Amino acid sequence: MPATFPADSVGLVTPRLQRFDAPVTLSCGRELPGFELVYETYGELNAAGSNAVLICHALSGHHHAAGYHSEDDRKPGWWDHYIGPGKPIDTRRFFVVSLNNIGGCHGSTGPTSINPATGIPWGPDFPSLRARDWVLTQRMLMKALGIEVWAAVIGGSLGGMQAMRWALLYPDEVRHCVVIASAMKLTAQNIAFNEAARQAIVSDPNFHGGRYLEHDTLPRRGLALARMIGHITYLSEGGMRDRFGRALKAGDLTLGSDAAVEFQVESYLRYQGDVFATRFDANTYLLMTKALDYFDLARDYGDDPVAAFAHARARFLVISFTTDWRFAPARSREIVNALIAAGRAVSYAEIESEHGHDAFLVPIPRYQALLSAYMQRVAEECP
Amino acid sequence: MRRVDLALIMPWIAHGARVLDLGCGDGDLLGMLRLQRDAEGLGVDIDHEHILNCVAAGIPVIEQDLNEGLGNFGSGSFDLVVMTNALQTLRYPHHVLDEMLRIGREVIVTFPNFGHWSCRLHLALQGRMPVSKFMPYTWYDTPNIHFCTVRDFDILCAERNIRVLDRLVLGADHTRNALASRWPNLFGTTAAYHIAR
C-alpha cells in the first residue's frame with residue numbers, strides 16, 4: 001500500500017475510453033458495429049509525435065501495464081517492472097500507449113459488452129478474432145491519438161505476435177519491433193494445452209453454451225481449472241521445485257496420520273485459478289486462446305516466414321528465456337533466422353531464468369539491461 | 001583484435017557489403033564498417049557483456065554458440081564473413097571455416113601466430129607452454145584450444161582448396177614491419193587471411 005509511489009513509478013494513472021462509431025470488418029468477415037477501447041498512456045508525446053511506443057498485451061493482459069489506479073492499490077500494472085521513469089521503457093523519453101484489446105474483458109468491447117443488435121451481452125456471439133484485428137483496432141486508436149509512426153511496438157507472448165503482425169501489415173508505421181517470448185505460430189502441443197483449458201470452461205455446468213450472463217451465473221470452476229492448466233505451462237519444472245518443492249500446506253504424511261494432505265503447489269494453483277476466475281471472462285478466454293492458436297505469421301505469404309519478413313521495415317529485438325517451454329527459445333530462433341534471411345536488422349538474446357514463460361513479466365537484471373540499452377537507441381533516433 | 005589491427009583489414013572490405021562478424025565482441029569492427037564502409041552487419045557472440053555492448057551501440061547481434069554450428073545461416077547469404085581472433089577457441093576450426101566459406105562469398109579470418117619466435121623460445125628453453133602478455137592463459141584453463149601457426153594455416157588452405165586472396169602478418173608492434181613481412185611465421189604475432197573458395 002504505497003502512501004507515496006516509488007520514484008521510478010509512473011504513479012497514479014487513469015484509464016481513458018476511446019469510442020469508434022464506424023463499423024469495422026474483422027478478419028472472420030463479420031462486422032463489429034462500432035466499439036470502445038480502454039487505454040492508458042504514460043509519458044508525453046513529443047512535438048514531432050515520434051516517441052510513441054505501443055505495448056501489446058498477452059492472453060490475460062489488459063491496458064493497465066504500469067502505475068497505480070489508486071493510492072490503495074496493492075500492486076501496480078502488469079509490466080510495471082519495465083515501464084516507468086528510468087526503467088527500460090523510460091517514460092521520461094517515450095509516450096507509452098497500452099490498451100485492452102477488443103474481445104477483452106477489462107473495459108474494451110468484448111463478449112461481456114451489450115450487443116446493440118440484441119440488447120443483451122454478446123457472449124458466445126462475439127465475432128472470432130485474429131491478431132490482425134487487434135492490430136487494425138490498435139491502429140485506429142493510434143490515429144485517434146495523433147500518432148503517425150510508432151517508435152516501437154513491443155509485446156510478449158501473444159503480444160509479440162501482434163508486434164510482428166504490425167511490422168508486416170504497416171511496415172512504414174513501425175520503426176522498431178520488440179518480440180519477447182513469442183513464436184511465429186503455436187506448436188501442436190501448445191494448441192493442445194489451449195484446448196484442454198477451453199474444454200475445462202465449456203464443460204462447466206454453469207457455462208450454458210457461453211450464455212452464463214443471461215443465466216446470471218459464471219463458469220468459475222471451469223475458468224479456474226483453465227487457468228490452472230495454463231499457469232503450470234507458464235512455469236518451469238525447476239522454478240516450481242525451487243518455489244514449492246514437496247512442501248505441505250496442511251496435513252502430514254507420517255505413518256498413522258490420517259490428516260488431509262495438501263501440497264503447497266496445490267494450494268497455490270487453486271488460489272491462482274480462483275483469483276483469475278473472479279476477474280476474467282470465460283468467453284474472452286476462449287476468444288484469446290483461439291486467436292493464439294490461429295496465428296500463423298507466414299500463412300498469407302506462401303507459408304514462407306522469410307517472404308513474410310521481407311515486407312517488414314522495422315529493426316527487431318527478439319528475446320527468449322531459457323526455461324520457457326511454452327514459447328521455447330527455439331521458436332524465437334526461428335523468428336531470428338527468418339529475419340536474418342530476409343535481410344532485416346535483428347538482435348537476439350536468450351535470457352537465463354528459472355521463471356519459464358512468465359519470465360517476460362519478471363524483473364531479471366540481464367533482460368532489463370538489454371531492453372534498456374535497446375530502447376535507449378530507439379529514443380536517440382526519435383527526431 | 002585491437003582497433004588498429006581492424007583498420008588494417010578495412011581495405012579488404014567493399015562499400016555496402018553485408019558482413020557477418022562471428023565472435024564480434026563489442027561490435028568494434030561492425031561499428032567501423034558502418035561508419036567507413038556504409039556496411040550493414042550482423043554480429044554473433046555468446047558473451048553477455050559483448051551482446052549488451054553491441055545492442056547499446058546499435059549493432060545487430062545474435063546470441064549464438066559458434067561451436068553449435070552455423071546451419072541457420074543461408075549459403076551465400078552474406079558478402080563477407082569475418083572472424084577475428086576466435087578461430088583458435090573453436091572445437092572444430094576447420095568445420096567452421098568450411099561453414100564460413102559457404103555462408104559468405106569471401107571470408108576474413110585472423111588468429112594469433114603460435115609460430116612466433118617467442119613461443120618457440122619459451123617452449124624450447126623452459127619446456128613449458130608459452131604464457132605471456134600476448135597469451136596470458138595457462139594450458140589447462142584457456143579459451144584457446146586450437147592454436148596454429150601461419151604455416152599451419154597455409155597448409156590447411158592448400159589441403160582444403162581454399163584460395164588465399166590476401167594475407168597480412170603483423171609484427172610485435174602491430175604493424176606490417178619488415179621482419180614480419182620477410183619471415184611471417186617467425187616474427188608475426190597476428191595473421192589476417194582474406195580467403196574464398
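Note that residues are indexed from 1 along each chain, following the sequence as it is written. Labels follow written order: the first chain is A, the first ligand is 1, and so on. pLDDT decides what is reported in this predicted model: residues at 70 or higher carry local features, side-chain atom pairs at 80 or more are listed and counted, and totals for whole chains, interfaces and linings draw on all residues regardless.

## Some details on the overall build of chain B
Scanning chain B for helices and strands turns up 8 helices and 7 strands. Relative to its length of 197 residues, chain B is compact, with a C-alpha radius of gyration of 16 Å against a globular reference of 16 Å. Dimensions of chain B along its principal axes, counting C-alpha atoms only, are 45 × 35 × 30 Å. Residues with at least 20 neighbouring C-beta atoms inside 10 Å of their own are called buried, those with 12 or fewer are called exposed, and the rest are partly exposed, where every C-beta is derived from the backbone. A buried classification covers 41% of the 197 residues belonging to chain B. By the criterion used throughout, residues are in contact when their C-beta atoms, derived from the backbone, lie within 7 Å. Put simply, 63% of the contacts in chain B that link residues at least 6 apart link residues at least 24 apart. The numbering of helices and of strands both runs from the N terminus, where a helix is a DSSP run of H or I of at least 4 residues and a strand a run of E of at least 2. Radius of gyration here uses only the C-alpha atoms, and the compact-globule reference equals 2.2 Å multiplied by the residue count raised to the power 0.38.

## A look at the overall build of chain A
Along chain A, the regular secondary structure elements total 10 helices and 14 strands. Against the compact-globule benchmark of 21 Å for 383 residues, chain A has a radius of gyration of 21 Å, which places it among compact chains. Along the first, second and third principal axes, the C-alpha atoms of chain A reach 75 × 50 × 50 Å. Sequence-distant contacts, at least 24 apart, represent 71% of the contacts inside chain A between residues at least 6 apart.

## Topic: the interface of chain A and chain B
A common way to report how large an interface is uses the accessible area buried once the components associate. Listed as interface residues are 17 residues of chain A and, on the opposing side, 16 residues of chain B. At the level of secondary structure, the elements contributing two or more residues to the side of chain A that touches chain B comprise helix H9 (329–341), strand S14 (346–351) and helix H10 (365–381) of chain A. A per-element tally of the side of chain A that touches chain B places H10(A) first, with 7 residues. Three residue categories are used. Nonpolar comprises Ala, Val, Leu, Ile, Met, Phe, Trp, Tyr, Cys and Pro, charged comprises Asp, Glu, Lys and Arg, and polar comprises the others, including Gly. By residue class, the composition of the side of chain A that touches chain B is 11 nonpolar, 3 polar and 3 charged.

## Examining the pairing of strand S1 (residues 19–22) of chain B
In regular strands, side chains alternate between the two faces of the sheet. Residues and elements named next belong to chain B. Burial along S1 is two-sided: the residues Val19 and Asp21 and Leu20 and Leu22 are all buried. We call two strands paired when DSSP finds no fewer than two bridges between them. Here S1 runs beside strand S2 (residues 41–45); their pairing, made up of 4 bridges, is parallel. Counterpart to Leu22 in the pairing with S2 is Val44. The definition of a right-handed crossover adopted here requires that, viewed with the strands pointing away, the path from the first strand over the helix to the second runs clockwise. Taken together, S1, helix H2 (residues 28–36) and S2 form a β-α-β motif whose crossover is right-handed. Alignment of S1 against strand S4 (residues 78–84), held across 3 bridges, turns out to be parallel.

## Some remarks on the packing of helix H4 (residues 220–234) of chain A against helix H6 (residues 264–279) of chain A
Residues and elements named next belong to chain A. For helices, the fitted axis covers only the stretch in contact; all axes are lines through C-alpha atoms, and the angles between them, taken along N-to-C directions, range from 0 to 180 degrees. Between H4 and H6, the least distance of the axes is 8 Å, while the angle of their chain directions is 125°. Relative to H6, H4 is oriented oblique. In the crossing of H4 with H6, the sense of the turn from one axis to the other is right-handed. Facing H4, whose interface residues are Arg220, Leu223, Ala224, Leu225, Arg227, Met228 and His231, H6 presents Leu269, Gln272, Gly273, Asp274, Phe276 and Ala277. In the contact of H4 with H6, the residues fall into 7 nonpolar, 3 polar and 3 charged. The cut-offs work like this: below 35 degrees is roughly parallel, past 145 is roughly antiparallel, 65 to 115 is roughly perpendicular, and the gaps in between are oblique. Handedness of a helix crossing follows the sense of rotation of the near helix relative to the far helix, less than a right angle counterclockwise being left-handed and clockwise being right-handed.

## Topic: the pairing of strand S5 (residues 52–56) of chain A
All names here are of chain A. In terms of residue burial, S5 counts as a mostly covered element, since 5 of its 5 residues are buried. Neither face of S5 is left uncovered, since the one carrying Ala52, Leu54 and Cys56 and the one carrying Val53 and Ile55 both have all their residues buried. In the sheet, S5 pairs with strand S9 (residues 152–156) via 4 bridges, with the strands oriented parallel. By the bridge assignment, Val53 is partnered in S9 with Ala152.

## Topic: the nonpolar core
Put simply, a nonpolar core is buried Ala, Val, Leu, Ile, Met, Phe, Trp, Tyr and Cys residues tied into one set by C-beta atoms within 7 Å. The biggest cluster of nonpolar side chains holds 159 residues, and the ones touching the most others in it are Val53(A), Val153(A), Ala163(A) and Cys177(A). Ignoring any residue separated from it by four or fewer positions in sequence, one finds Val53(A) in contact with Ile89(A), Phe94(A), Phe95(A), Val96(A), Val97(A), Trp150(A), Ala151(A), Ala152(A) and Ile154(A).

## A few points about helix H4 (residues 93–103) of chain B
Working note: α-helix, 3.6 residues per turn, so residues spaced by three or four point in the same direction. Within H4(B), the full set of buried residues consists of Pro93(B), Val96(B), Leu97(B), Glu99(B), Met100(B), Leu101(B) and Ile103(B). Elements in contact with the buried residues of H4(B): S1, S4, strand S5 (104–112) and strand S7 (190–196) of chain B.

## Remarks on unusual backbone geometry
Residue and element names in this part refer to chain B. Its identity as a non-glycine residue notwithstanding, Asp38 has a phi of 50°, on the positive side. With respect to the helices and strands, the residue Asp38 is situated in the loop between H2 and S2. Judged by C-beta crowding, with 10 C-beta atoms within 10 Å, Asp38 ranks as exposed. For Asn161, which is not glycine, the phi dihedral falls at a positive 55°. Examined against the element boundaries, Asn161 turns out to sit in the loop between helix H6 (150–159) and strand S6 (163–170). A count of 8 C-beta atoms within 10 Å places Asn161 in the exposed class.

## What about the environment of His174(B)?
Residues and elements named next belong to chain B. Looking at the secondary structure, you find His174 in the loop between S6 and helix H7 (178–182). For His174, a count of 15 C-beta atoms within 10 Å puts it in the partly exposed group. Considering only alpha carbons, one finds His174 and Met135, 39 residues apart in sequence, at a separation of 15 Å.

## Describing the packing of helix H1 (residues 131–144) of chain A against helix H2 (residues 158–169) of chain A
Residues and elements named next belong to chain A. It is the contact of H1 with H2, at a shortest axis distance of 9 Å, that shows an interaxial angle of 70°. When the axes of H1 and H2 are compared, the pair comes out roughly perpendicular. Between H1 and H2 lies a crossing of right-handed hand. Packed against H1, whose contacting residues are Ala131, Arg132, Trp134 and Val135, the element H2 presents Met161, Gln162, Arg165, Trp166 and Leu169 at the interface. Residues that form the contact of H1 with H2 fall into these classes: 6 nonpolar, 1 polar and 2 charged.

## Some remarks on H6(A)
All names here are of chain A. A helix is expected to span 1.5 Å multiplied by its residue count minus one. Taking 1.5 Å as the rise per residue, H6 with 16 residues should run 22 Å; its terminal C-alpha atoms sit 23 Å apart, in good agreement. Those residues of H6 that sit buried are Leu269, Gly273 and Ala277. In a view along the axis of H6, the buried residues occupy a sector of 70°, so they form one face of it. Along H6, exposed side chains directed more than 90 degrees from the buried face belong to Tyr271, Val275, Thr278 and Arg279. Within this analysis, the arc is defined by the directions that extend from the helix axis to the C-beta atoms.

## Section: the environment of Thr322(A)
All names here are of chain A. Following the sequence through the fold, Thr322 ends up in the loop between strand S13 (315–321) and H9. Each C-alpha atom, one on Thr322 and one on Ser236, is 9.7 Å from the other, the two residues being 86 residues apart in sequence. Not counting residues up to four positions away in its chain, the partners in contact with Thr322 are Pro329, Glu350, Ile351, Glu352 and Ser353.

Take it as geometry only, folks, not as evidence of what the structure does.
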